[in-house]
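# Per-entry structural report
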Amino acid sequence: MTTRRIAVHEMIFDKKKRARSILRILRRLYPNADCALEHRSAFELLISTILAAQSTDVNVNRVTRALYQKYRGPADFLKVQPEELENDIHSTGFYHNKARSIIGTCRLLVDEYDGKVPDTMNDLVRLPGVARKTANVVLGTWFKKNEGVVVDTHVGRLAERMALTWNARDSKDAVVIEKDLMELFSRKDWTCVAHALVWHGRKICMAKKPACALCDLSDLCPSAFSFENLPPVKGPTRKRSLRQRSERR
Ligand code: SF4
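Below is a summary of the structure that appears in this document.

## Notes on the overall build of the chain
Counting its secondary structure elements, the chain contains 13 helices and 0 strands. Here the C-alpha coordinates of the chain stretch approximately 55 × 55 × 30 Å along the principal axes. Out of the 249 residues in the chain, the part that is buried amounts to 37%. Taking the contacts inside the chain whose residues are at least 6 apart along the sequence as the reference set, 58% of them involve residues at least 24 apart.

## Regarding the packing of helix α3 (residues 42-51) against helix α7 (residues 95-112)
Where α3 contacts α7, the axes come no closer than 10 Å and their chain directions differ by 155°. Compared by their axis directions, α3 and α7 come out roughly antiparallel. In this structure, α3 meets α7 at a crossing whose hand is right-handed. Contacts between α3 and α7 pair Ile-47, Ile-50 and Leu-51 from the former with Lys-98, Ser-101 and Ile-102 from the latter. Across the contact of α3 with α7, the residue classes break down as 4 nonpolar, 1 polar and 1 charged.

## Details of the site of the ligand
As a matter of local geometry, the ligand sits amid 13 residues, with Cys-205, Pro-210, Cys-212, Cys-215 and Cys-221 nearest to it. When its residues are assigned to classes, the shell around the ligand shows 10 nonpolar, 2 polar and 1 charged.

## What to know about α7
Count 3.6 residues to each turn of an α-helix, and residues three or four apart come out pointing the same way. Look at α7: 25 Å from first C-alpha to last across 18 residues, which is about the 26 Å you get at 1.5 Å a residue. Taken as a whole, α7 has its buried residues at Lys-98, Ala-99, Ser-101, Ile-102, Thr-105, Cys-106 and Leu-109. Seen from one end, α7 has its buried residues packed into an arc of 165°, which puts them on one side. Set apart from the buried face of α7 by more than 90 degrees, the exposed residues are His-96, Asp-111 and Glu-112.

## Remarks on the nonpolar core
Of all hydrophobic cores here, the largest spans 56 residues; its most connected members are Val-138, Val-155, Leu-181, Val-193 and Ala-194. At the level of secondary structure, the elements contributing two or more residues to this core comprise α2 (12-29), α3, α4 (57-70), α7, α9 (132-142), α10 (153-161), α11 (174-184) and α12 (190-203). Looking at which element gives the most residues to this core, the answer is α12, with 7 residues. Of the residues that make up this core, three or more belong to each of domain 1 (3-31 + 149-220) and domain 2 (42-116). Among all residues touching Val-155, those that are not within four sequence positions of it are Val-150, Ala-194, Leu-197 and Val-198.

## Focus on α12
Between the first and last C-alpha of α12 there are 20 Å, a value that for 14 residues agrees with the 20 Å anticipated at 1.5 Å per step. The complete set of buried residues in α12 reads Trp-190, Thr-191, Cys-192, Val-193, Ala-194, His-195, Ala-196, Leu-197, Val-198, His-200 and Gly-201. Next to the buried residues of α12 lie α2, α9, α10 and α11.

Calculation notes
- Residues numbered from 1 in each chain as written.
- Predicted model: local features only at pLDDT ≥ 70, side-chain atom pairs only at ≥ 80, totals over all residues.
- Helix = DSSP H or I, 4+ residues; strand = E, 2+ residues; numbered from the N terminus.
- Buried ≥ 20, exposed ≤ 12 C-beta atoms within 10 Å, placed from the backbone.
- Contact = placed C-beta atoms within 7 Å.
- Axes fitted to C-alpha atoms, helices over the stretch in contact; angles between N-to-C directions.
- Parallel < 35°, antiparallel > 145°, perpendicular 65-115°, else oblique.
- Left-handed = near helix turned anticlockwise from the far one by under 90°.
- Nonpolar A, V, L, I, M, F, W, Y, C, P; charged D, E, K, R; others polar.
- Near = placed C-beta within 6 Å.
- Expected span 1.5 Å × (residues − 1).
- Arc of directions from axis to C-beta.
- Core = buried A, V, L, I, M, F, W, Y, C linked by C-beta atoms within 7 Å.
- Domains from an automatic or database assignment.

Take a look at the structure:
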């Protein structure tokens, strides 16, 4: 039976039981799982999460270390021309849209929220460039409010592989996956389960070639070992990289 069919046909009672077992193991594996974006305030976390779209946390952290020395709060982002901000965040990608979102967000924070980041879903999703995922990161990580489950690329992929979603069309169907995960896990665990799934997705259940043989969840995962016949992940061969190097000279 395919993962999709298991996801649909497994009784919700059994699925919740399996989800509880998965979470128990994830907690053991990643007792300190937390948001990988460096931040010292709700504001920094908000801006870093906007910058993290289509980028890596490592890359965003590299940029923000200097960025938050220059821009200390929302008002500072409004003092510069958009081109200057674009230049400062260039390496995170999509810098034009991100700069527009950041400036729009800072404008609204200054005009309507006294320069402070609000702590409700309704207020957060009013900010330009902030949708449920970003709002969930800020609410769960900084304000310790479990309003939803953060579904990023790792969480979406793992939810699909482990048949923890049954209504989603695919692993990118984030809003539907979030709804299914909210039904499966207790509210108090929503932030924790997202962080732990992200860590597991980075370390074991990678996008291209999951390491099922090393995975402590394999007994609970309907996709376990179904990737065994995939070709190895391709990197440049030694021959090719030598050629590329000589061509660059
Ligand atoms: S068993 Fe394999 S597919 Fe399932 S969660 Fe583990 S690594 Fe991912």
